[in-house]
Amino acid sequence: LPACWDSQLSIEDLHFDGVPVRIYLPRKPSASKRRGVIFIHGGCGIFGSIRSYERVCRYIARKSDSVVVSVGYHLAPEHKYPAQALECLAATVHFLKAAETYGVDPARVLVCGDSVGGTFTAIVCQELGHRTDIPKIRAQVLIYPFLQALNFNLPSHQKNAAVGFLSRERTVHFILKYLNKDCSLKEAILAGSHVPESINLKYRKWINPDLIPDVFKPGYKPALPPLFLPRVHEEVPELFEPCFSPLLAEDAVVCGLPDTCIVTCEHDVLRDEGLLYKKRLEDNNVRVTWHHMEKGFH
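Everything numeric here is computed off the predicted structure, so don't read it as measured data. (Residues numbered from 1 in each chain as written. Predicted model: local features only at pLDDT ≥ 70, side-chain atom pairs only at ≥ 80, totals over all residues. Heavy atoms only, no water.)

What about the pattern of salt bridges?
On inspection of all chains with the given rule, the structure shows 21 salt bridges. Asp-6 is the partner of Arg-62 in a salt bridge, and the nearest nitrogen-oxygen pair spans 2.5 Å. With Arg-62 in helix α1 (residues 54-64) and Asp-6 in the segment before β1 (9-16), this pair connects stretches of sequence that are 56 residues apart. Linked through salt bridges whose partners overlap, the residues forming this network are Asp-6, Asp-13, Arg-22, Arg-51, Glu-54, Arg-58 and Arg-62. (Salt bridge = Lys/Arg side-chain N within 4 Å of Asp/Glu carboxyl O. Helix = DSSP H or I, 4+ residues; strand = E, 2+ residues; numbered from the N terminus.)

Written out as structure tokens, the structure is:
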């Protein structure tokens, strides 16, 4: 559907390197180049659209006097993983190169996304962190992002297991739908049977309930060690790739990330992933602003 007319914004549907985008440009003239915001919508990679996030993008453009680019990446499973993250990357690179065409300062572009949009934001920034052929991303904004698929028994998973909209069970169900995998694998993945001991040991320094502050762990009970099932592990190799689980990226990648804003919600299974990524970024001397919504939910 085309955008509705807006008295404050000029809105265009375009394609950036073949990726559908909707760009929101403030009508009021500016004495200097504006900020740019690349917005990547949520929806587990399988639903959501430019249209469904139009009010959000209009609000950001108006309130921050910024040029906003909403990325309409194609959805899974019709468009197979990792097409979604690659399209977000392609659209971002295109905009960074063409920013001045839209009255944007290429040194003042940030990438922002919610839920899986936060995942794609993290992936895009990891991919671009050390590139020198294009302007640097100024900042990333991660709104309750999904960041790892190794451990579904963190304190926030236990506390919010049955909270709507995104329950613990539904999280893994959507992951399998996104990857076009057999949903009968869900219970084994929830139990952690897809992770061999060697991988658990490797990533324990980054994905570990002990790294979550005690204030977030009332009532938490450590899960029993799961029975490893090689068949399940072989079915879902994507879960161990940084382009699916950005929390698994090496320190050499993380240290090159831009200033970061992370938003977490108390009533959200993904709360602890944001907390773990916050710690990783801070440990790698990345400047982080953190907002925690005590009454917020996914």
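Description of the nonpolar core
Core analysis: the largest hydrophobic core is formed by 82 residues, its most contacted members being Phe-95, Phe-120, Ile-189, Leu-239, Phe-244 and Tyr-277. When residues in this core are grouped by element, the largest group, nine residues, is from helix α2 (residues 83-98). Taken domain by domain, this core gets at least three of its residues from each of domain 1 (9-143) and domain 2 (155-240). Aside from chain neighbours lying at most four places away, what touches Ile-189 is Phe-152, Val-172, Leu-176, His-194, Val-232, Val-236 and Leu-239. (Core = buried A, V, L, I, M, F, W, Y, C linked by side-chain atoms within 4.5 Å. Buried < 20%, exposed > 50% of the residue type's maximum accessible area, 1.4 Å probe, protein only. Domains from an automatic or database assignment. Contact = heavy atoms within 4.5 Å.)

Thoughts on the packing of α2 against helix α3 (residues 116-128)
In the contact formed by α2 and α3, the axes pass within 9 Å of each other and the chain directions differ by 60°. As far as their axial angle goes, α3 and α2 are oblique. Where α2 crosses over α3, the handedness of that crossing is right-handed. Two secondary-structure elements touch here, α2 through Gln-84, Ala-85, Cys-88, Leu-89, Thr-92, Val-93 and Leu-96 and α3 through Phe-120, Ile-123, Val-124, Glu-127 and Leu-128. When grouped by side-chain class, the residues that make up the contact of α2 with α3 number nine nonpolar, two polar and one charged. (Axes fitted to C-alpha atoms, helices over the stretch in contact; angles between N-to-C directions. Parallel < 35°, antiparallel > 145°, perpendicular 65-115°, else oblique. Left-handed = near helix turned anticlockwise from the far one by under 90°. Nonpolar A, V, L, I, M, F, W, Y, C, P; charged D, E, K, R; others polar.)

A closer look at unusual backbone geometry
The linkage connecting Tyr-81 with the following residue, Pro-82, adopts the cis geometry, with an omega of 5°. The topology assignment puts Pro-82 in the loop between β4 (67-71) and α2. Phi is positive for Asn-180, close to 60°, though the residue is something other than glycine. Along the chain, Asn-180 turns up in the loop between α5 (168-178) and α6 (186-191). Using a relative accessible area of 53% as the deciding quantity, one classes Asn-180 as exposed.

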